[in-house]
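Reading the structure
Each chain, letter by letter, is given below.
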Amino acid sequence: ETPRGGICLADYCDMFEVCAGDSKFRRRVRHDEPFVCDNNTLALARQRCENAMAKCFPLANTDARKLYAQLSRQWCQVLDCRIRQERSQEHLSEFTPVIVLLILVLLLCFIVFIVVVCCVDYSEDIFQFLVDSRLASTESIRSMVRARDTTRATIGMNRARRI
């Protein structure tokens, strides 16, 4: 119950987009779900908002007038169904690029993992291919084999134990 002369905050729920469980951060379950909005209700809310701003920031004071203009533009003038529908559509399409980017990163990580596994399992074949195609000299292949064997010995992994 609101005291006499008091203010009921429920009258301002449209201003903050929290009426009846609606939230500006709530996503619609389906993209084809219709956008529901009532311009008459929002016009009343916009009028309440403008009146509240005028009470808090009197237009006679220069500094208060600047605050009134800024806050009115930010909170009151956006109380319109077209603006809300536009915001809702932006919010729905906001995460699509992130999902695509995440899928591409996961795919790249998977490909790198497969290449590493193939290089470890088929290192002798890869070394032979490099020598046969003259992409690497025999001496460089010997140094790679020594480095591989040293690494295997360091981590305690030899070929017989791995099988």
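Residues numbered from 1 in each chain as written. Predicted model: local features only at pLDDT ≥ 70, side-chain atom pairs only at ≥ 80, totals over all residues. Heavy atoms only, no water.

1. Digging into the state of the cysteines
- Enumeration over the complete set of coordinates arrives at two disulfides.
- The side chain of C37 participates in a disulfide bridge whose partner is C81; the two sulfur atoms lie 2.0 Å from each other. When the S-S torsion is -85 degrees, as for the bridge of C37 with C81, the disulfide is left-handed. Linking C37 in the segment before α1 (39–56) with C81 in helix α3 (residues 81–93), this pair joins segments that are 44 residues apart in sequence.
- For C37, a relative accessible area of 30% gives the class partly exposed.
- Covalently, C49 is tied to C76 through a disulfide, its sulfur atoms 1.8 Å apart. Handedness of the C49-C76 disulfide follows from its S-S torsion of about -75 degrees: it is left-handed. (Disulfide = S-S within 2.5 Å. Helix = DSSP H or I, 4+ residues; strand = E, 2+ residues; numbered from the N terminus. Buried < 20%, exposed > 50% of the residue type's maximum accessible area, 1.4 Å probe, protein only.)

2. As for the pattern of salt bridges
- Per the counting criterion, the structure on display carries four salt bridges.
- Measuring nitrogen to oxygen at the nearest pair gives 3.4 Å for the salt bridge that ties D149 to R148.
- A residue is classified by how much of its surface remains accessible, and D149, at 37% relative accessible area, is partly exposed.
- Taking relative accessible area as the criterion, R148 reaches 18% and is therefore assigned buried.
- Each of E124, R148 and D149 takes part in one network of salt bridges that share partners. (Salt bridge = Lys/Arg side-chain N within 4 Å of Asp/Glu carboxyl O.)

3. Focus on unusual backbone geometry
- One non-glycine residue, R134, lies in positive phi territory at about 60 degrees.
- Within the secondary structure layout, R134 lies in the loop between α5 (123–132) and α6 (138–155).

4. Quick notes on the nonpolar core
- Judged by nonpolar contacts, Y12, M15, L42, A45, C49, M53, F57, A64, Y68, C76, L79 and C81 together constitute the single largest core of twelve residues.
- Of all the secondary-structure elements, those providing two or more residues to this core are α1 and α2 (62–76).
- By residue number, the principal contributor to this core is α1, which donates four residues.
- Residues contacting Y12, with those up to four places away along its chain left out, are I7, R48 and A52. (Core = buried A, V, L, I, M, F, W, Y, C linked by side-chain atoms within 4.5 Å. Contact = heavy atoms within 4.5 Å.)

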